[in-house]
Amino acid sequence: MKDHIKEREKAGVEFSKVIYFGEGGNNFCPTLRLSANDYVFPRVSFSLHKRIEKQSDQVKAQVVPWTCASSILETLQNLNNGD
């Protein structure tokens, strides 16, 4: 993720926020690289969600746990509308 963002910046693309989705424990490391402007969507009761709950003090991004696509869609629509 970090490399991808750097490559895009070199191409002149800037991101105002990063939205990251994950389930597994291997998604925790990228989550730690997110800023306070970013969002992480861990799937409820999966490894990433459990790890974020245990180590929430290490996560700067806004955490939005999800169980179904409609909750993701609602959050993304609110972000798009500036809420």
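Provided above is the structure to which this section pertains.
A brief structural summary. Since this is a predicted model, take the numbers as computed values, not measurements. Note that residues are indexed from 1 along each chain, following the sequence as it is written. Where totals are concerned, whole chains, interfaces and linings use all residues; where local detail is concerned, this predicted model gives features only for residues with pLDDT of at least 70, and gives and counts side-chain atom pairs only at 80 or more. Hydrogens and waters are ignored; side-chain quantities use all the structure's heavy atoms.

## Some thoughts on the packing of aromatic side chains
How we decide: When two rings of Phe, Tyr or Trp (its six-membered ring) have centres within 6.5 Å they constitute a pair, described as stacked for plane angles under 30 degrees, edge-to-face for angles over 60, and tilted for the intermediate range. Helix and strand labels come from DSSP, where a helix needs a run of H or I of at least four residues and a strand needs a run of E of at least two; each type is numbered from the N terminus.
Under the definition given, this model contains one aromatic pair. Considering the side-chain rings of Phe 21 and Phe 41, the 4.8 Å spacing of their centres and the 25° angle between planes classify their relative orientation as stacked. Remark: Phe 41 occurs in strand β2 (residues 39-42) and Phe 21 occurs in strand β1 (residues 19-22); sequence separation between them is 20 residues.

## A word on helix α4 (residues 69-80)
Here is the rule we go by: By definition here, a helix of n residues has an expected span of 1.5 Å times n minus one. Type-normalised accessible area, obtained with a 1.4 Å probe on protein chains alone, sets the label of each residue: buried when under 20%, exposed when over 50%, and partly exposed for intermediate values. Directions are taken from the helix axis to each C-beta atom, and the arc is the one they span. Residues are treated as being in contact if the distance between any of their heavy atoms lies within 4.5 Å.
Between its terminal C-alpha atoms α4 stretches 16 Å, which fits the 16 Å expected from 12 residues at 1.5 Å a residue. Taken as a whole, α4 has its buried residues at Ile 72, Thr 75 and Leu 79. Mapping the buried residues of α4 onto a view down its axis gives an arc of 70°, with all of them on the same face. In this structure, α4 carries Ala 69, Ser 70, Glu 74 and Asn 80 as exposed residues pointing more than 90 degrees from its buried face. The elements touched by buried residues of α4 are β1 and β2. Downstream of α4 by one or two residues, Gly 82 has phi in the positive range, about 85°.

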